[in-house]
Amino acid sequence: MTVQPHPPAVPARPNMPPAATPQWHTDSSPIFTLGTLGIEIDSLSRQDSLGQLTADGTVDNPHDLAHLMTTHPQAAEEVYWSLDMQGRPAFALVPSGPHAALVHQRLVRLLIEQIQGSIERISLAGYRLQDSLRLPSGHEIPIVRPVLRGLYGWSTKQLVDELMTDARLPADQLESTRNTLRHTLDRLYDDLHGGDKSWHRAVHYVLTNPYVFGHVVIDAASRGLELKNLRAEDLQTARSDSRHLVRLTLTFLDRDEEQDEMLRHIDVDVHDIVPVICSESDRGEPARTPLRYHHAGSRASSSSDPTSYTHDEQETTS
């Protein structure tokens, strides 16, 4: 199975007013990717110093360090965090801004769940900077500023179990369909890309929110089909300032005859830092505009409710 991108038909970065979205800088790019958490301490001196905060005076393993960071949250800022792919550090995670402490808390929680085995991988949304950082282990990797609402963790087994619970299949198809779904997800997880291209972000997001994708795979597996190809292409939209759609085309083939049997499309809007799967109505670009709300303050009004709503450049005062 291969993942094939098409040349982009729309800009990779949304055309957004700098004043309205200060996070979009020329020296950073949006990223959405998957992996596992890594953590490093820069020296034995730092490790021993942190150990003084524990009951037994040591932090000799990841579990001890994670526990220390739950009782002393500031310790999370004194270690190196990374998102790893295939067991190697790929991105340095450097929380910053007003939510940095909350991001560190989420990272600590995910690290504990990863160590305990309750999650297998995490998702990362954020901004990839042009700068790189050298880890104590010697790996020099790009810096990413994580966004809190894109940090999640999950177990593939638990995910498959939940999807199969909703599947309405004959009893004799349940086990084979479950195996096909797990195998498909594992293959795609093993074929992850950097995460900063629009089609990377679309594919990765679908794998973190696979209820649409999972049910398509289940439907195909129940017919004796398996995923052979996943193709990604940018779609030009009528409102390119509000949508950046990437269409994923899934090709399923018969296991025996190797002939095209089924095509399915999933459209993903990657305009925001955290993508979203589009519904049929979203694809047609209906008459919707982003929410805008402005309070009228103490302005005199003939109504008892001095609240003003602005929608699509038309103001209605109730």
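Details of the structure are given in the entry above.
All values reported here derive from a predicted model rather than from experimental measurement. (Residues numbered from 1 in each chain as written. Predicted model: local features only at pLDDT ≥ 70, side-chain atom pairs only at ≥ 80, totals over all residues. Heavy atoms only, no water.)

## Some details on the overall build of the chain
Then, number 1: A tally of regular secondary structure across the chain gives 8 helices and 14 strands.
Then, number 2: The burial tally for the chain puts 43% of its 318 residues in the buried class.
Then, number 3: For the chain, long-range pairs separated by at least 24 residues make up 64% of all intrachain contacts whose partners lie at least 6 apart in sequence.
Then, number 4: Accessible surface for the chain amounts to roughly 16800 Å². Of this, 48% is attributable to carbon and sulfur atoms. (Helix = DSSP H or I, 4+ residues; strand = E, 2+ residues; numbered from the N terminus. Buried < 20%, exposed > 50% of the residue type's maximum accessible area, 1.4 Å probe, protein only. Contact = heavy atoms within 4.5 Å. Areas by Shrake-Rupley, 256 points an atom, 1.4 Å probe, with all protein chains shown as cover.)

## Things to note about the packing of aromatic side chains
Then, number 1: With the rule as written, the count across this model stands at 2 aromatic pairs.
Then, number 2: Here the aromatic rings of Phe 32 and Tyr 205 are separated by 5.7 Å at their centres, their planes lie at 75°, and the arrangement is edge-to-face. Here the residue Phe 32 occupies a position in strand β2 (residues 28-40), and Tyr 205 occupies one in helix α6 (residues 198-208), the gap between them amounting to 173 residues.
Then, number 3: The exposure class of Phe 32 is buried, given its relative accessible area of 2%.
Then, number 4: The class of Tyr 205 is buried, set by a relative accessible area of 12%.
Then, number 5: Lying across the ring of Tyr 152, Arg 106 places its NZ or CZ 5.6 Å from the centre.
Then, number 6: Above the face of the Tyr 189 ring, Arg 121 is positioned so that its terminal group lies 3.9 Å from the ring centre. (Phe/Tyr/Trp six-rings, centres within 6.5 Å; stacked < 30°, edge-to-face > 60°. Lys NZ or Arg CZ within 6 Å of the ring centre and 35° of its normal.)

## Quick look at α6
Then, number 1: Most of α6 is tucked away, with 10 of its 11 residues classed as buried.
Then, number 2: Where α6 is concerned, the buried positions are Ser 198, Trp 199, His 200, Arg 201, Ala 202, Val 203, His 204, Tyr 205, Val 206 and Leu 207.

## What to know about the pattern of salt bridges
Then, number 1: On inspection of all chains with the given rule, the structure shows 14 salt bridges.
Then, number 2: Where Arg 121 meets Glu 120, a salt bridge forms, and the shortest distance between an N and an O atom there is 3.6 Å.
Then, number 3: Owing to a relative accessible area of 15%, Arg 121 belongs among the buried residues under this scheme.
Then, number 4: In this structure, the salt-bridge partner of Arg 128 is Asp 196, at a minimum N-O distance of 3.1 Å. Taken together, the positions of Arg 128 in strand β5 (residues 121-134) and Asp 196 in the loop between α5 (171-189) and α6 put the pair 68 residues apart, joining distant regions of the chain.
Then, number 5: Residue Arg 128 is classed as partly exposed on the basis of its relative accessible area, which comes to 24%. (Salt bridge = Lys/Arg side-chain N within 4 Å of Asp/Glu carboxyl O.)

## Overview of the nonpolar core
Then, number 1: The biggest cluster of nonpolar side chains holds 41 residues, and the ones touching the most others in it are Phe 213, Leu 248, Leu 250 and Phe 252.
Then, number 2: In terms of residues, this core owes the most to one element, α6, which gives 6 residues.
Then, number 3: Here Phe 213 is in contact with Thr 184, Leu 185, Leu 188, Val 206, Leu 207, Leu 227, Leu 250 and Ile 266, once residues within four sequence places are set aside.
Then, number 4: Ranked by size, the runner-up nonpolar core spans 28 residues in total, among them Ile 41, Ala 75, Ala 90 and Leu 107. (Core = buried A, V, L, I, M, F, W, Y, C linked by side-chain atoms within 4.5 Å.)

## Topic: unusual backbone geometry
Both trends apply: most residues other than glycine have a negative phi, and most peptide bonds are in trans.
Then, number 1: In this model, Gln 86 sits at a positive phi of 55°, which is unusual for a non-glycine residue.
Then, number 2: Take Gln 86: it is sitting in the loop between β3 (80-85) and β4 (88-93).

## Section: the side chain of Asp 267
Then, number 1: Topologically, Asp 267 is positioned in strand β10 (residues 260-269).
Then, number 2: Relative accessible area serves as the criterion here: at 0%, Asp 267 is assigned to the buried category.
Then, number 3: Reaching out from Asp 267, the side chain makes a polar contact with the side chain of Arg 247 at a distance of 2.8 Å. (Polar contact = N/O pair within 3.5 Å; in protein donor to acceptor, adjacent residues only side chain to side chain.)

## Quick word on the packing of helix α4 (residues 156-166) against helix α7 (residues 211-221)
Then, number 1: Two elements in contact, α4 and α7, have axes whose closest approach is 10 Å; the angle formed by their N-to-C orientations is 65°. For the element pair α4 and α7, the recorded crossing hand is right-handed. Contact residues: α4 offers Leu 159, Glu 162, Leu 163, Met 164 and Asp 166, while α7 offers Tyr 211, Gly 214, His 215 and Ile 218.
Then, number 2: Class assignment of the residues belonging to the contact of α4 with α7 gives a composition of 5 nonpolar, 2 polar and 2 charged. (Axes fitted to C-alpha atoms, helices over the stretch in contact; angles between N-to-C directions. Left-handed = near helix turned anticlockwise from the far one by under 90°. Nonpolar A, V, L, I, M, F, W, Y, C, P; charged D, E, K, R; others polar.)

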